[in-house]
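Residue-level structural notes
Below, each chain spelled out in residue letters.
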Amino acid sequence: SLLQGSKLEIPLWLAKGLHDSRRRIISVELPKIYKEAWRTVFSADANVVDLHKMGPYYYGFGSQLLNFDNPENPEIAQTILQATEGGPVLPASNSVCPPQTFIARFRRIMDSSQNAYNEDTSALVARLDELERALFQVGQKGLNDFQCWEKGQASQITASSLVQNYGKRKFTEVDG
Amino acid sequence: MEPAEVEFLAEKELVTIVPNFSLDRIHLIGGDLGPFNPGLPVEVPVWLAINLKQRQKCRLIPPEWMDVGKLEEIRDQERKEDTFTPMPSPYYMELTKLLLNYASDNIPKADEIRTLVKDTWDTRMAKLRLSADSFVQQQEAHAKLDNLTLMEINTTGTFLTQALDHMYKLRTNLQPGESSHSQDF
């Protein structure tokens, strides 16, 4: 059994279940990346941060963290969303928050996913968190479908990639 | 939507052909076509024009906007203005691809035309991205973009709507007193 005041790591879903603002069974400590020091880094230049390394579910996890009544919650919510460069500064806080991160990084994700010449997207994608990666892939697909169509490949019948992997004996081998 | 579906819709647009056969009026579900007389220009939907061309039963007449001078004007205007220029056809991209692929022999300076149309497309797409970015940066509630064609919307639409969905969810985090449905023990 646990002693009061001991610290341990538990999965988020468990913490959510145990959390109750009235009974205060547990209190949650913010992971580093959501704390003030890191929030300042995001405000300087959100594009620099390797979100995949810091926690591949930055946005999702960050949103879930807000379930625990933490006094820094408004600042965290802001940072995750809001825009840094030239964006409107909210009166309530002078530190920057996750929505700003999303907005600041949005441009780069959009431009590179729609870029016809796939030069160095792998370097960028490695530093995106899962939400951003899914978005990136959607953008790429839109572009790839268009280019495919433009070349006239949309009306060509091609073997499905699933079938090609079956490794069935090909016709020529059977003839032997 | 797939680009092929957008192209399907584009094929309903009318284009002028000069047939080399004759046929009385035909009555199709979508409407009447013809009559066809050799040497006399007649308007038909693109899907039929392409089919006839492939069977060597007609010659295609390019639409009047598919001309180097006109396209250069359009391209230059697109580069100059911040807003989107009205395009000569809501399906300019699709028509260009179809006509140039199947009937380039009937279209003078086909290569130049292809390049001009592509340039215009690239400029418009860049404008669209710029517009999307400023929309996101300023967290606007809604925007109005005139003169976009379906193909352009289709290529970037899914990305944009998903990104805005995410933004919306993150923004609702900012509301104080958000519901967390915890159970009572």
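Residue numbers run consecutively from 1 along every chain, following the written order of its sequence. Chain letters and ligand numbers both follow the written order, the letters beginning at A and the numbers at 1. For this predicted model, a pLDDT threshold of at least 70 governs which residues receive local features, and a threshold of 80 or more governs which side-chain atom pairs are given and counted, while totals over whole chains, interfaces and linings are taken from all residues. Remark: hydrogens and water are excluded; side-chain values derive from all non-hydrogen atoms of the structure.

1. Points about a negative patch on the surface
Only residues whose relative accessible area exceeds 30% and that take part in no salt bridge are eligible for patches, with like-charged residues grouped when within 9 Å of each other and nonpolar side chains (Val, Leu, Ile, Met, Phe, Trp, Tyr) grouped when within 5 Å. Reported accessibility uses the Shrake-Rupley method at a 1.4 Å probe radius. Residues are deemed covered only where the shown protein chains occlude them. Salt bridge, as used here: a side-chain nitrogen of Lys or Arg that lies within 4 Å of a carboxyl oxygen of Asp or Glu. Counting rule for charge: Lys and Arg are taken as positive, Asp and Glu as negative, and neither His nor the chain ends is counted. The atoms used to mark charge sites are NZ of Lys, CZ of Arg, CG of Asp and CD of Glu. A surface patch of negative charge is lined by Glu64, Asp67, Glu72, Asp111 and Glu112 of chain B. Each helix is a run of DSSP H or I of at least 4 residues and each strand a run of E of at least 2, with the numbering of both proceeding from the N terminus. Position of glutamate 112 of chain B relative to the elements: it lies in helix H5 (residues 110–137).

2. Thoughts on the pattern of salt bridges
With the rule as written, the count across this model stands at 17 salt bridges over all chains. As a salt-bridge pair, glutamate 78 of chain B and lysine 127 of chain B come within 2.7 Å of each other at their nearest N and O atoms. Taken together, the residues glutamate 78 of chain B in helix H3 (residues 68–80) and lysine 127 of chain B in helix H5 connect sequence positions 49 residues apart. Here glutamate 78 of chain B matches lysine 127 of chain B in class, with each residue buried. For the salt bridge of lysine 144 of chain B with aspartate 146 of chain B, the shortest nitrogen-to-oxygen distance reads 3.3 Å. In this structure, a network of salt bridges that share partners links the residues Arg107 and Asp111 of chain A together with Arg129 and Asp133 of chain B. Exposed residues in this analysis have more than 50% of their type's maximum accessible area, buried residues have under 20%, and partly exposed residues fall in between, with area computed by a 1.4 Å probe over protein chains only.

3. Some points on the UniProt feature "domain: GINS subunit" (unreviewed entry) in chain B
UniProt positions are given in the numbering used here, feature names are shortened, and annotations may be inferred rather than shown by experiment. Summarizing the sequence annotation, UniProt attributes the feature "domain: GINS subunit" (unreviewed entry) to residues 65–169 of chain B in the numbering used throughout. End C-alpha atoms of residues 65–169 of chain B are separated by 45 Å, and the span's content is 69% helix alongside 0% strand.

4. Observations regarding the packing of helix H8 (residues 130–150) of chain A against helix H1 (residues 3–10) of chain B
Comment: axis = line fitted to C-alpha atoms, over the contacting stretch for helices; angle = value between 0 and 180 degrees taken between N-to-C directions. One can describe the packing of H8 of chain A onto H1 of chain B by two numbers: an axis separation of 9 Å at closest approach and a directional angle of 50°. Here H8 of chain A lies oblique to H1 of chain B, going by the angle between them. Each of Asp145, Phe146 and Trp149 of chain A in H8 of chain A lies in contact with H1 of chain B, whose residues at this interface are Pro3, Ala4 and Glu7 of chain B. Class assignment for the residues of the contact of H8 of chain A with H1 of chain B results in four nonpolar, no polar and two charged. Roughly parallel here means an angle under 35 degrees, roughly antiparallel means over 145, roughly perpendicular means 65 to 115, and every remaining angle is called oblique. Only heavy atoms enter the contact rule, under which two residues are in contact if any of them lie within 4.5 Å. The classification used treats Ala, Val, Leu, Ile, Met, Phe, Trp, Tyr, Cys and Pro as nonpolar, Asp, Glu, Lys and Arg as charged, and all other residues, Gly among them, as polar.

5. Points about the interface of chain A and chain B
Across the contact, 41 residues belong to chain A and 36 residues belong to chain B. When chain A packs against chain B, the two sides together hide about 3400 Å² of surface, and 66% of this comes from carbon and sulfur. Accessible surface is computed with a 1.4 Å probe, and the buried area is the amount of it that two parts give up when combined, taken over both parts together. In terms of surface lost to chain B, no three residues of chain A exceed Phe106, Phe146 and Trp149 of chain A, which account for 20% of the buried area on that side. Aspartate 133 of chain B is paired through a salt bridge with arginine 107 of chain A; the nearest N and O atoms lie 3.3 Å apart. Whenever a nitrogen or oxygen atom comes within 3.5 Å of another N or O atom, the pair is scored as a polar contact, on the condition that within protein one atom can donate a hydrogen and the other can accept it, and that pairs from neighbouring residues in sequence are kept only if both atoms are in side chains. For the pair chain A and chain B, the number of links is four residue pairs in polar contact (both at pLDDT 80 or more). Those elements that place two or more of their residues in the side of chain A that touches chain B are helix H4 (58–65), helix H5 (73–81), helix H6 (98–113) and H8 of chain A. Counting residues per element, the side of chain A that touches chain B draws most heavily on H8 of chain A, at 11 residues. Of the residues contributing to the side of chain A that touches chain B, the split by class is 21 nonpolar, 11 polar and nine charged.

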